[in-house]
Amino acid sequence: MSWQGKILRVDLTSRTCVAEPLNKDWRDACIGLRGLASRYLFAECDPRADPLSPDVPLIFATGPLTGTSAATGGRYAVITKGALTGAIACSNSGGYFGAALKFAGWDMIIFTGRAESPVYLWLDNDRAELRPAEDFIWGKSFWEAEEALKERHGHDVKVAGIGRAGENRVRFAAIMNDRDRAAGRSGVGAVMGAKALKAIAVRGQRGVSVKDPARFAEVVMEGHALLAASASRHSLTTYGTIAMMSKTGAFGALPTRNCRDVTFEKYEDISEQAMRTPPAPGRRPNLVTNKACFACTIGCGRVARIQPDHFTARKGKRYTLPQGGLEYESAYALGAMVGVADLDACTYANMVCNEEGMDPISFGVTLAAAMELYELGVISESETGMPLPFGSPQALVEMVAQTARAEGFGAELAKGSRRLCAQHGRPELSMSVKGQEFPGYDPRAMQGMGLAYATSPRGACHLRADPYQSDFTTADPAVKPPIVKDTQDENAAIDSLGICAFTTAGWDLDFMARLMDAACEGNWTKERLLKAGERIWTLERLFNLAAGFAGRDDTLPPRSLNEPAPSGVNRGEVCHLQAMLEAYYRLRQWDDQGRPEPALLERLGLPALTE
Ligand code: SF4
């Protein structure tokens, strides 16, 4: 119950689509979505393979609550080996595509091989067919492709796919769905582009049944009431995630100008209040309204407009209609990190990322690294084609378009900050972990987040652990390891259910276990979810170790470890990673090289390390 019991295998090389039963043992051990697909990847992917080779599977996975009436129950994830990092990649997205895939009768799709010429997958419920994409949607932006597929197959169809960034194998290309929802991180879109797979269009008309419909409906209603009463939920609905800008801006935790500072003096210009305030008398504000994903009662999404006379609208591409607006992470990366305080330029760059399918975090942080290289004289205008100082909105809007098309200096930015900085002999200027760029929290100001970045299996990530409250309360590194370890396990479980992580605004793991127990076979408790979360975390670790990563990769850039924060509440601090890491490894039952102990693997029912 709550599963369709069926996965689709698509071999792009031989152009075959075959259905097979879902592995129930792995489902019971690893829940769904992130966990279950990681189990399949672990079994079927050579961890040493090049992420852009045909050998690496690309998995689209739903969870047990995807497509149910549980609030936010529309999530799906893409699991593969990251083009940006070479580590395990799991990128999670909302919108309506995930529920449509489940409604079509599929729990997962596993793509292998590479198409000889570009294709898209057409799923009309349980009928699956690969169709040519060349001379149709290949070479188009994601928005153009999505519209063309809806025109051909019907406007009830949901689409996930890549824009030109994925086709051009931009290392941080995203997979987009429902116009501006994204499986955004680690370069999953480049893996899709390397397979010459442009999109999946799906019509799903079945329901999803649950184990105990009456009890499930009661728990769902209780969940709605919990969210309705939550102040954090109210903030997400009213202000969106960009409300965090005021907090990190005032606290001094906002990575600024490639982390040369932790305070952006103009953070209020790219804040939630700036989005809501008319820029001049008679003008309309940037924010148009909020919006929600499938079954969501939070609605954190932003819809925004650009002022019609802004310079971005006078040359090249115009965005005259309201589109997906800035969230905290995009405002940080396209704003503070590159020193740009022009709200319209940041909004424009974010829209280009959505249209072309590109992660705004990695793009912004890579541009920031390039700006530092430029200001240090390591690269010059003859290479960049234009001045590239921090704070230039012109550079931001020009480079975002060049990067998506891998043209001009954009072809260099498309490699990501790690490759760009290494190529110019300054690897220390890449603000990344395992090759994935920092989200919007500086590890010198937020010690727990530093440990979370260093140990995240997909590289620097703000969603793999939840040390926020602790980090805004104390800088004491001694308290961080158990918080980070416990919330990593908890988040791994939540990411595997098929609901959005923002439900923690009103729900705890006990409540989520009750939802699961009413929906799915077996007895689901908080303890079972936590153990599954620990299993998933360990499984991801095993994949990375087999891929060649080791304890030495659980680190941060030298700037985080050696250059004291120049401002803010925690001025003078560096990130005390080493002490936290030792305690963290002990809590994880890993040896001093970061390898899981045999007793841990036995307790979690995982295979032993072979090396
Ligand atoms: S809280 Fe936001 S991201 Fe999460 S499901 Fe709702 S609208 Fe989507």
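Residues numbered from 1 in each chain as written. Predicted model: local features only at pLDDT ≥ 70, side-chain atom pairs only at ≥ 80, totals over all residues. Heavy atoms only, no water.

Colleague: Even after reading the chapter, I still don't get the overall build of the chain, so can you show me in this structure?
Modeller: Of regular secondary structure, the chain possesses 25 helices and 17 strands. On C-alpha atoms alone, the chain measures out to a radius of gyration of 22 Å, which is about the 25 Å that the 2.2 N^0.38 rule sets for 611 residues. Split into buried and exposed, the 611 residues of the chain put 63% on the buried side. In the chain, once contacts between residues fewer than 6 apart in sequence are set aside, the share between residues at least 24 apart is 69%. For the chain, the exposed area adds up to about 20500 Å²; of that, 50% sits on carbon and sulfur atoms. Of the side-chain charges in the chain, 69 are positive and 73 negative, and the distance between the mean point of each set is 3 Å. (Helix = DSSP H or I, 4+ residues; strand = E, 2+ residues; numbered from the N terminus. Rg over C-alpha atoms; globule rule 2.2 N^0.38 Å. Buried < 20%, exposed > 50% of the residue type's maximum accessible area, 1.4 Å probe, protein only. Contact = heavy atoms within 4.5 Å. Areas by Shrake-Rupley, 256 points an atom, 1.4 Å probe, with all protein chains shown as cover. Lys, Arg positive; Asp, Glu negative; His and termini not counted. Charge placed at Lys NZ, Arg CZ, Asp CG, Glu CD.)

Colleague: Can you walk me through the nonpolar core in this structure?
Modeller: A general tendency of soluble globular proteins is for nonpolar side chains to be buried together. Ranked by size, the top nonpolar core spans 151 residues in total, and within it Phe60, Ile109, Phe111, Ile175, Phe363 and Leu396 carry the most contacts. For this core, the element with the most residues is helix H13 (residues 360-375), which contributes nine residues. Look past the residues within four positions of Ile175 in its chain and what remains in contact with it is Phe60, Tyr76, Val78, Ala160, Gly161, Ile162, Arg181, Ala182, Ala183, Val188, Gly189 and Met192. With 31 residues, the next largest nonpolar core counts Ala71, Ala513, Cys520 and Leu529 among its residues. (Core = buried A, V, L, I, M, F, W, Y, C linked by side-chain atoms within 4.5 Å.)

Colleague: Sorry if this is basic, but what is going on with the sheet that holds strand S1 (residues 6-11) here?
Modeller: Spatially, the six strands line up as an open sheet ordered S2-S1-S6-S3-S4-S5, and their pairing is mixed. Unpaired on one side and paired on the other, strand S2 (16-21) and strand S5 (88-93) mark the two borders of the sheet. Neighbour to neighbour, the strand axes of the sheet diverge by 15° on average, direction disregarded. Across six bridges, strand S4 (residues 76-81) lies against S5 in antiparallel orientation. If you follow Tyr76 over to S5, its bridge partner there is Ser93. This element, helix H2 (residues 33-44), spans S1, S2, strand S3 (58-62), S4, S5 and strand S6 (108-112) of the sheet and lies at about 25° to S4. (Pairing = 2+ DSSP bridges. Axes fitted to C-alpha atoms, helices over the stretch in contact; angles between N-to-C directions.)

Colleague: Can you help me understand helix H8 (residues 231-239) in this one?
Modeller: Count 3.6 residues to each turn of an α-helix, and residues three or four apart come out pointing the same way. In this structure Ser230 caps H8, since a side-chain oxygen of it lies 3.2 Å from the backbone nitrogen of Ser232. At the exit of H8 stands Gly240, carrying a positive phi of roughly 80°. (Polar contact = N/O pair within 3.5 Å; in protein donor to acceptor, adjacent residues only side chain to side chain.)

Colleague: Explanation requested: the site of the ligand in the structure shown.
Modeller: Every residue lining the ligand is accounted for by Thr72, Arg75, Arg181, Lys291, Ala292, Cys293, Cys296, Ile298, Gly299, Cys300, Cys500 and Phe502. Each residue belonging to the shell around the ligand can be placed in one class, and the counts come to seven nonpolar, two polar and three charged. Counting the residues that make up the shell around the ligand, at least three belong to each of domain 1 (6-203) and domain 2 (255-436). (Near = heavy atom within 4 Å. Nonpolar A, V, L, I, M, F, W, Y, C, P; charged D, E, K, R; others polar. Domains from an automatic or database assignment.)

Colleague: Would you take a moment to explain helix H9 (residues 244-251) for this structure?
Modeller: Taken together, the buried positions of H9 are Met244, Met245, Thr248, Gly249 and Phe251. Where H9 is buried, its residues meet helix H10 (272-276), helix H11 (328-334) and helix H19 (468-471).

Colleague: Please explain the domain arrangement of the chain as it appears in this structure.
Modeller: Quite often, the size of an interface is put as the accessible area lost when its parts meet. Domain parsing of the chain yields domain 1 (6-203), domain 2 (255-436) and domain 3 (443-604). Using only C-alpha atoms to locate each centre, domain 1 and domain 2 end up separated by 26 Å. Taken together, the contacts link 35 residues of domain 1 with 38 residues of domain 2. Together, the buried faces of domain 1 and domain 2 total about 2900 Å²; carbon and sulfur atoms form 53% of this surface. Of all residues in domain 1, the largest losses of buried area upon contact with domain 2 belong to Trp143, Phe172 and Arg185, amounting jointly to 25% of the total for that side. At the junction of domain 1 with domain 2, the criterion picks out four salt bridges. Between Arg185 and Asp359 there is a salt bridge, with the nearest N and O atoms lying 3.0 Å from each other. Scanning the region where domain 1 abuts domain 2 turns up 19 residue pairs in polar contact (both at pLDDT 80 or more). (Buried area = accessible area lost by both parts, 1.4 Å probe. Salt bridge = Lys/Arg side-chain N within 4 Å of Asp/Glu carboxyl O.)

Colleague: I keep staring at the packing of aromatic side chains and nothing clicks. Help me out?
Modeller: Aromatic ring pairs are defined here through the distance separating the ring centres and the angle between the ring planes. Enumeration according to the criterion identifies 18 aromatic pairs in this entry. Ring centres 5.4 Å apart and planes at 40° place the aromatic pair Tyr328 and Tyr441 in the tilted group. Separated by 113 residues along the polypeptide, Tyr328 in helix H11 and Tyr441 in the loop between strand S17 (436-437) and helix H18 (447-455) bring together distant segments of the chain. Members of the aromatic cluster, each reached through a chain of ring pairs, are Phe60, Tyr76, Phe97 and Phe111. The residue whose ring lies beneath Lys102 is Trp3, and the NZ or CZ to ring-centre distance is 5.4 Å. Positioned over the ring face of Trp524 is Arg528, at 3.5 Å from the centre of the ring. (Phe/Tyr/Trp six-rings, centres within 6.5 Å; stacked < 30°, edge-to-face > 60°. Lys NZ or Arg CZ within 6 Å of the ring centre and 35° of its normal.)

Colleague: I tried to follow the side chain of Lys102 on my own but got confused; where do I start?
Modeller: With respect to the secondary-structure elements, Lys102 resides in helix H3 (residues 97-103). Within the buried core, Lys102 has no salt-bridge partner, and the shortest N-O distance to an opposite charge, that of Asp107, equals 4.8 Å. A polar contact is formed between the side chain of Lys102 and the backbone oxygen of Gly63, at a distance of 2.8 Å. Setting aside chain neighbours within four positions, we find Lys102 in contact with Ser2, Trp3, Gln4, Thr62, Gly63, Pro64, Thr66, Asp107 and Val208.

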